[in-house]
Amino acid sequence: QVQLVESGGGLVQAGGSLRLSCAASGSISSINAMGWYRQAPGKQRELVARITSGPITYYADSVKGRFAISRDNAKNTVYLQMNSLKPEDTAVYYCNWGFSAPKAMLIRGSWGQGTQVTVSS
């Protein structure tokens, strides 16, 4: 099974940018969908962005227009470019893989350690 490792998080001021990376241990070219999730303290994990092999993208309303997901099958890596960051974007960000579903993803992978994103006001 493909293992995923997230990186790129950090502390940034509101309005700033970060790019997260999700490196896979094997090929992602045949994986239907890759997604980025986040979990803030005291809240449920939520899907932030998803990209299919098409590629077709989906974004949660809260990040639409600010975040961009992309996949590089040659590097077996998925990225999340985050711009115009807000304090409410503060969370641990995780990636996973699976199958696309309407405004969701059917997860087939395991959860990794995630990467912490903290946005100060």
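Details of the structure are given in the entry above.
Residues numbered from 1 in each chain as written. Predicted model: local features only at pLDDT ≥ 70, side-chain atom pairs only at ≥ 80, totals over all residues. Heavy atoms only, no water.

Draft legend 1. Spatial organisation of the nonpolar core. Ranked by size, the top nonpolar core spans 30 residues in total, and within it Met-34, Trp-36, Leu-80, Met-82 and Tyr-93 carry the most contacts. Of all the secondary structure elements, the ones that give two or more residues to this core are strand S3 (18-24), strand S4 (33-39), strand S5 (46-52), strand S7 (67-72), strand S8 (77-82), strand S9 (91-101) and strand S11 (115-120). For Leu-80, the contacting residues outside a window of four places in its chain are Leu-18, Arg-19, Leu-20, Trp-36, Val-48, Ala-49, Phe-67, Ala-68, Ile-69 and Tyr-93. Counting residues in each nonpolar core, the second largest holds five residues, with Ala-33, Tyr-37, Leu-47 and Met-105 among its members. (Core = buried A, V, L, I, M, F, W, Y, C linked by side-chain atoms within 4.5 Å. Buried < 20%, exposed > 50% of the residue type's maximum accessible area, 1.4 Å probe, protein only. Helix = DSSP H or I, 4+ residues; strand = E, 2+ residues; numbered from the N terminus. Contact = heavy atoms within 4.5 Å.)

Draft legend 2. Layout of the sheet that holds S8. Here four strands make up an open sheet; going across it, the order is S1-S3-S8-S7 and the pairing antiparallel. Every interior strand has two partners, whereas the edge strands, strand S1 (4-7) and S7, have only one. The mean angle between the axes of side-by-side strands here comes to 15 degrees, regardless of whether they run parallel or antiparallel. Where S7 and S8 come together, six bridges link them in antiparallel fashion. Across the sheet, the residue bridging to Ala-68 is Gln-81, located in S8. (Pairing = 2+ DSSP bridges. Axes fitted to C-alpha atoms, helices over the stretch in contact; angles between N-to-C directions.)

Draft legend 3. Inspection of the environment of Ser-62 at higher detail. Mapped onto the secondary structure, Ser-62 falls in the loop between strand S6 (57-59) and S7. Between the C-alpha atom of Ser-62 and that of Leu-80, which follows or precedes it by 18 residues, the distance is 14 Å.

Draft legend 4. Representation of the state of the cysteines within the structure. Tallied over the full model, the rule gives one disulfide. Note that Cys-22 is cross-linked by a disulfide to Cys-95, the S-S spacing being 2.0 Å. Here the S-S torsion is close to 70 degrees, and the disulfide linking Cys-22 with Cys-95 is therefore right-handed. Within this pair, whereas Cys-22 is found in strand S3, its partner Cys-95 is found in strand S9, the two being separated by 73 residues in sequence. As far as the burial class goes, Cys-22 and Cys-95 line up, both buried. (Disulfide = S-S within 2.5 Å.)

Draft legend 5. Broad picture of the pattern of salt bridges. Counting across every chain of the model gives four salt bridges. As a salt-bridge pair, Arg-38 and Glu-46 come within 2.8 Å of each other at their nearest N and O atoms. Arg-66 is paired through a salt bridge with Asp-89; the nearest N and O atoms lie 2.7 Å apart. Of this pair, Arg-66 sits in the loop between S6 and S7 while Asp-89 sits in the loop between S8 and S9, placing them 23 residues apart in sequence. Each member of the pair, Arg-66 as well as Asp-89, is classed as buried. A single salt-bridge network, built from bridges that share partners, covers Arg-38, Glu-46, Arg-66 and Asp-89. (Salt bridge = Lys/Arg side-chain N within 4 Å of Asp/Glu carboxyl O.)

Draft legend 6. Structural view of the pairing of S1. Side-chain alternation along S1 places Leu-4 and Glu-6 on a buried face and Val-5 and Ser-7 on a face that remains uncovered. Here S1 runs beside S3; their pairing, made up of four bridges, is antiparallel. If you follow Glu-6 over to S3, its bridge partner there is Cys-22.

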